[in-house]
Amino acid sequence: MPTRTVRLNGKTVQADYESAGSDSSPSSEQLLYWLRNRQGQHGPRFGCGIAQCGACTVLLDGAATRSCVRQMHTVPDQADIRTLDGLTDGAEPHPLQRAFVSLQAAQCGFCVNGMVMGSLGWLESRIAAGNQAVPTEQEIKDFLSGAAPDNTRNYLCRCGTHTRIVAAIRTAAKEMLG
Ligand code: FES
Ligand code: FES
């Protein structure tokens, strides 16, 4: 079984994974299955399985990544993977988690992993680029629809709670920006 070493929520993990295909056409287990089935990470969800909804989002070296279509052999050795399960040390919720709960942004909750992890990656990349402004409602809508200049992937909520999700992301951004 092929293996590599990655950082998963701050811990070094030996990542054994199933592989198929050939040298010229490699294929392997998806990152989503590796996380859920081998590492007990149940934050990322299987929604569509074809990179369309965002429910499986994790941060891979800081970038929001659709783990349902990311095969393990393409994950770099020493990659840094962050999941919803490891967002905090358990003592205090992250501002995004707090805002989603306080504003009751979830209905069934299935999309929430993607909403939280996707917006976390987006907000952190804005801050790292020196943008200290709280995103406007329109910027957040553009982010969720994949129309933002710094994000081309959309995030779907099949229950249609987008209005509250936008409010939760904006509330969390204010807290993150202090
Ligand atoms: S499950 Fe991966 S994008 Fe929908
Ligand atoms: S709350 Fe049900 S899919 Fe978003």
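Definitions and cut-offs
- Residues numbered from 1 in each chain as written.
- Chains lettered and ligands numbered in written order.
- Predicted model: local features only at pLDDT ≥ 70, side-chain atom pairs only at ≥ 80, totals over all residues.
- Heavy atoms only, no water.
- Core = buried A, V, L, I, M, F, W, Y, C linked by side-chain atoms within 4.5 Å.
- Buried < 20%, exposed > 50% of the residue type's maximum accessible area, 1.4 Å probe, protein only.
- Helix = DSSP H or I, 4+ residues; strand = E, 2+ residues; numbered from the N terminus.
- Domains from an automatic or database assignment.
- Contact = heavy atoms within 4.5 Å.
- Salt bridge = Lys/Arg side-chain N within 4 Å of Asp/Glu carboxyl O.
- Polar contact = N/O pair within 3.5 Å; in protein donor to acceptor, adjacent residues only side chain to side chain.
- Nonpolar A, V, L, I, M, F, W, Y, C, P; charged D, E, K, R; others polar.
- Pairing = 2+ DSSP bridges.
- Axes fitted to C-alpha atoms, helices over the stretch in contact; angles between N-to-C directions.

## Quick look at the nonpolar core
Thinking step 1. If you look at the biggest cluster of nonpolar residues, it comprises 26 residues, and the most contacted ones within it are Phe100, Met115, Val116, Leu144, Ile165 and Ile169.
Thinking step 2. Every element with two or more residues in this core is listed here: α2 (95-102), α3 (112-128), α4 (137-145) and α5 (162-176).
Thinking step 3. Examining the composition of this core, we find that seven residues originate from one element, α3, more than from any other.
Thinking step 4. Grouped together as the second largest cluster of nonpolar side chains are 14 residues, Leu31, Leu35, Val58 and Met72 included.

## Digging into the domain arrangement of the protein chain
As a measure of interface size, the accessible area lost when the parts come together is often cited.
Thinking step 1. According to the domain assignment, the protein chain consists of domain 1 (3-86) and domain 2 (95-176).
Thinking step 2. On a C-alpha basis, the centres of domain 1 and domain 2 stand 22 Å from each other.
Thinking step 3. Taken residue by residue, the interface counts 19 residues in domain 1 and 16 residues in domain 2.
Thinking step 4. Put simply, domain 1 and domain 2 have one salt bridge between them.
Thinking step 5. With a shortest N-O distance of 2.9 Å, arginine 82 and glutamate 124 are connected by a salt bridge.
Thinking step 6. Where domain 1 meets domain 2, there are five residue pairs in polar contact (both at pLDDT 80 or more).
Thinking step 7. Sorting the residues of the side of domain 1 that touches domain 2 by element identifies β5 (57-60) and β6 (63-66) as the ones contributing at least two each.
Thinking step 8. In the side of domain 1 that touches domain 2, the residues fall into nine nonpolar, seven polar and three charged.

## A look at the sheet that holds strand β2 (residues 11-16)
Thinking step 1. Read across the open sheet, the five strands follow the order β2-β1-β7-β5-β6; overall the sheet is mixed. Edge positions in the sheet fall to β2 and β6, since each has one partner strand and no second. Within the sheet, the average angular offset between the axes of one strand and its neighbour, ignoring direction, is 40 degrees.
Thinking step 2. Across six bridges, the pairing between strand β1 (residues 3-8) and β2 is antiparallel. Looking across to β2, one finds that arginine 4 is bridged to alanine 15.
Thinking step 3. Along the sheet face, helix α1 (residues 31-39) touches β1, β2, β5 and β7 (80-82) and points at about 110 degrees away from the line of β2.
Thinking step 4. Set on the sheet, α3 makes contact with β5, β6 and β7; between it and β5 the angle comes to about 30 degrees.

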